Amino acid sequence: MISLERKHLNAFLVSLGVLCFVWLPTILSSRPYIDDVGRTIRGYYEWSPNGRPIAQIIFGALNVGKHLIDVYPAYQIIALAVMALCCVLMLIILNVEIS
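Trainee: Sorry if this is basic, but what is going on with the overall build of the chain here?
Mentor: Tallying secondary structure elements over the chain gives four helices and zero strands in all. Listed N to C, the secondary structure of the chain is α-α-α-α in terms of helices and strands. Here the C-alpha radius of gyration of the chain, 17 Å, is well above what a compact globule of 99 residues would show, namely 13 Å. Principal-axis analysis of the C-alpha atoms places the extent of the chain at approximately 50 × 30 × 20 Å. A buried classification covers 19% of the 99 residues belonging to the chain. Here the contacts in the chain between residues at least 6 apart in sequence split such that 58% fall between residues at least 24 apart. A total accessible area of about 7600 Å² is found for the chain, and carbon and sulfur atoms account for 70% of it. Both charge centroids of the chain, one from 7 positive and one from 6 negative side chains, sit 5 Å from each other.

Below you can see the structure in the form of structure tokens.
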């Protein structure tokens, strides 16, 4: 059983801060790829023809409908939080001393 303590919360916040600092230029640039422009304007999410059927299923479930909603940095920010959580879990599993 993994027990979470105050030091784990501090490690999470430090990891999240470092990840946000590193990823900030990408988030601020907000330059969509060519295929993202069509998704933003028309609201479709056809990833299966590009070989990404799982992405289409996930986004279909997240958007709960046929029209894609553009919430640009939200998914990246959620991914940063998940990566920070993975960093903390890795520290716990590897028994790294956190002060």
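Trainee: What is the right way to look at the packing of aromatic side chains in this model?
Mentor: Describing an aromatic ring pair means giving the distance of the ring centres and the angle of the ring planes. A full pass over the atoms with the stated rule returns two aromatic pairs. Ring centres of Trp47 and Phe59 lie 4.9 Å apart, and the angle between their planes is 45°; on these two criteria the pair is classed as tilted. Placement of the pair is Trp47 in the loop between α2 (34–42) and α3 (53–63) and Phe59 in helix α3, with a sequence separation of 12 residues. When its relative accessible area of 7% is taken as the criterion, Trp47 is described as buried. For Phe59, a relative accessible area of 22% puts it in the partly exposed group. Consider the rings of Phe59 and Tyr75, whose centres lie 5.2 Å apart with planes at 85°: the pair is edge-to-face.

Trainee: It is not clear to me how the layout of surface pockets should be interpreted in this structure. Could you clarify?
Mentor: One water molecule sets the probe size; rolling that probe over the atoms shows where empty space is left. Taken as a whole, the largest pocket holds about 800 Å³ of empty space. For the largest pocket, the lining is made up of 23 residues, of which Asp36, Phe59, Asp70, Tyr72 and Gln76 are closest to its centre. Counting only elements with at least two residues in the lining of the largest pocket, the list comes to α1 (6–29), α2, α3 and α4 (72–93). Counted by class, the lining of the largest pocket contains 12 nonpolar, five polar and six charged residues.

Trainee: What's the story with the side chain of Gln56 in this structure? I'm lost.
Mentor: The topology assignment puts Gln56 in helix α3. Excluding anything up to four places from it in sequence, Gln56 contacts Tyr45, Glu46, Trp47 and Ser48.

Cut-offs used in this document
Residues numbered from 1 in each chain as written. Predicted model: local features only at pLDDT ≥ 70, side-chain atom pairs only at ≥ 80, totals over all residues. Heavy atoms only, no water. Helix = DSSP H or I, 4+ residues; strand = E, 2+ residues; numbered from the N terminus. Rg over C-alpha atoms; globule rule 2.2 N^0.38 Å. Buried < 20%, exposed > 50% of the residue type's maximum accessible area, 1.4 Å probe, protein only. Contact = heavy atoms within 4.5 Å. Areas by Shrake-Rupley, 256 points an atom, 1.4 Å probe, with all protein chains shown as cover. Lys, Arg positive; Asp, Glu negative; His and termini not counted. Charge placed at Lys NZ, Arg CZ, Asp CG, Glu CD. Phe/Tyr/Trp six-rings, centres within 6.5 Å; stacked < 30°, edge-to-face > 60°. 1 Å grid on protein atoms, 1.4 Å probe; cavity = no way out; pocket = protein on both sides within 12 Å on 5 of 7 lines; lining within 4 Å. Points joined across faces, edges and corners; volume = space filled by probe spheres on them. Nonpolar A, V, L, I, M, F, W, Y, C, P; charged D, E, K, R; others polar.

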